[in-house]
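Here are the chains, one letter per residue:
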Amino acid sequence: MLTRKQHQLLVFLQDYLAKNGVSPSFDEMKEALGLRSKSGIHRLITALEERSFIRRLPHRARAIEVLRLPDSTTGKPQPVSRFHPNVIEGGLTRPSALTGRTSQVRGNEGRSLPLYGKIAAGTPIEALRDSANYVDVPPHMLGRGEHYALVVEGDSMMEAGILDGDTVIIERSNSADNGAIVVALVDNEEVTLKRFRRRGGAIALEPANKNYEPRLFPPDRVQIQGHLVGLLRSY
């Protein structure tokens, strides 16, 4: 799932590369999308790279490679050995279209949580609500609060054991402890799954992938929308 601006930039990059053989400058991208600053382009580029639509080639100026377009597919990242979340493997859950029902998950009563769709930059959580999609979750993964599920897109958290296509279980909250993996809303428009850190007077949203850099924001630009409590995976 891409936002309109992300899709617009991806198509512009593809067309520009096909015509010129090199990627456009940030100024050209900014002009093409009608944005006021390069920071907006940087945010879009980062979101596309985290979701494996593009790749920035190291040590080369104006070097961006388009890996896929929205309707194409790529392979999933390979699993890594460190699994921090509580992972429930395939076969223990199944989607349900029935709201609020209980179901059996290997002999234990499960709870149906709303499956909000893919977590993608530029899409506020509330906009992902779909009353037809639910996922059954074992009760031991849940606390007393309100929970929802999201499908992960991209490899930015793979070193924390969170892979492309995984379903993460989120407990809704508006605050988080240092080091927690959270759903964060940036500038009221970009939603991302990252590790939360306080750094002096700033907030850092840290990926768990050495290929991506942490991002620092003033506190008033970041809203916590929940924290990770579990993970479901199908094989």
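Residues numbered from 1 in each chain as written. Predicted model: local features only at pLDDT ≥ 70, side-chain atom pairs only at ≥ 80, totals over all residues. Heavy atoms only, no water.

Here we look at the confidence of the model for the protein chain
Right, so step 1: The share of residues in the protein chain with pLDDT of 70 or more is 74%, and the mean pLDDT across the chain is 76.
Right, so step 2: Taking the mean pLDDT of every element in the protein chain, the minimum, 35, falls on strand E5 (residues 102–105) and the maximum, 92, on strand E12 (residues 202–206). (pLDDT = per-residue confidence, 0-100. Helix = DSSP H or I, 4+ residues; strand = E, 2+ residues; numbered from the N terminus.)

Section: helix H3 (residues 38–50)
Right, so step 1: Relative to the 18 Å expected for 13 residues at 1.5 Å per residue, H3 spans 18 Å between its end C-alpha atoms, a close match to the ideal helical length.
Right, so step 2: Among all positions in H3, only Gly40, Ile41, Leu44, Ile45, Thr46, Ala47, Leu48, Glu49 and Glu50 are buried.
Right, so step 3: Contacts from the buried residues of H3 go to helix H1 (4–20), helix H2 (26–33), strand E1 (54–56), strand E2 (64–66), strand E11 (190–199) and strand E13 (215–217).
Right, so step 4: In the segment just after H3, Ser52 is the residue with positive phi, at about 65°. (Expected span 1.5 Å × (residues − 1). Buried < 20%, exposed > 50% of the residue type's maximum accessible area, 1.4 Å probe, protein only. Contact = heavy atoms within 4.5 Å.)

Re the pairing of strand E8 (residues 147–152)
Working note: regular strand, side chains alternate between the two faces of the sheet.
Right, so step 1: Counting buried positions along E8 gives 6 out of 6 residues, so the element sits mostly inside the fold.
Right, so step 2: Here E8 shows a buried face lined by His147, Ala149 and Val151 and a second buried face lined by Tyr148, Leu150 and Val152.
Right, so step 3: Pairing analysis gives 5 bridges linking E8 to strand E9 (residues 167–171), with the strands arranged antiparallel. Within E9, the position partnered with Val151 by the bridge is Thr167. (Pairing = 2+ DSSP bridges.)

Regarding unusual backbone geometry
Right, so step 1: A positive phi angle is found at Ser52, which is not glycine, with a value near 65°.
Right, so step 2: Following the sequence through the fold, Ser52 ends up in the loop between H3 and E1.
Right, so step 3: In this structure, Asp187 takes a positive phi of about 55° despite not being glycine.
Right, so step 4: Summarising the element assignment, Asp187 is placed in the loop between strand E10 (181–186) and E11.
Right, so step 5: For Asp187, a relative accessible area of 26% puts it in the partly exposed group.

Topic: the packing of H2 against H3
A pair of packed helices is captured by two measures, namely the crossing angle of their axes and the spacing between those axes.
Right, so step 1: Relative orientation of the contacting elements H2 and H3 amounts to 95°, with a least axis distance of 9 Å. One finds that H2 runs roughly perpendicular with respect to H3. Residue-level contacts link Phe26, Asp27, Met29, Lys30 and Leu33 of H2 to Lys38, Ile41, His42, Leu44 and Ile45 of H3. (Axes fitted to C-alpha atoms, helices over the stretch in contact; angles between N-to-C directions. Parallel < 35°, antiparallel > 145°, perpendicular 65-115°, else oblique.)

Some details on the pairing of E10
Right, so step 1: By the criterion of burial, E10 is predominantly enclosed, with 6 of the 6 residues buried.
Right, so step 2: Across the two faces of E10 the burial is the same, with Ile181, Val183 and Leu185 and Val182, Ala184 and Val186 all buried.
Right, so step 3: One ladder, built from 6 bridges, connects E10 with E11; its direction is antiparallel. Following the sheet pairing, Val182 is matched in E11 by Lys194.
Right, so step 4: Hairpin connection of E10 to E11: 3 residues between the antiparallel strands, including Asp187 at a positive phi of 55°.
Right, so step 5: As judged from the 5 bridges shared by E10 and strand E14 (residues 222–232), these two strands associate in the antiparallel manner. Bridge assignment links Ala184 to a residue of E14, and that residue is Ile224.

A short note on the packing of aromatic side chains
A ring pair, where both rings are aromatic, is described by two values, the distance of the centres and the angle of the planes.
Right, so step 1: Per the counting criterion, the structure on display carries 1 aromatic pair.
Right, so step 2: Relative to Tyr16, the ring of Phe12 lies with its centre 5.7 Å away and its plane at 55°, an arrangement referred to as tilted. Linking Phe12 with Tyr16, this pair stays in helix H1, spanning 4 residues, or about one helical turn.
Right, so step 3: When the ring centre of Phe53 is taken as origin, the NZ or CZ atom of Arg68, which lies over that ring, is 3.9 Å away. (Phe/Tyr/Trp six-rings, centres within 6.5 Å; stacked < 30°, edge-to-face > 60°. Lys NZ or Arg CZ within 6 Å of the ring centre and 35° of its normal.)

Observations regarding the pattern of salt bridges
Right, so step 1: For the structure shown, the criterion picks out 13 salt bridges.
Right, so step 2: Between Arg56 and Glu49 there is a salt bridge, with the nearest N and O atoms lying 2.7 Å from each other.
Right, so step 3: By relative accessible area, which is 30% here, Arg56 ends up partly exposed.
Right, so step 4: Between Glu206 and Arg197 there is a salt bridge, with the nearest N and O atoms lying 3.1 Å from each other. (Salt bridge = Lys/Arg side-chain N within 4 Å of Asp/Glu carboxyl O.)

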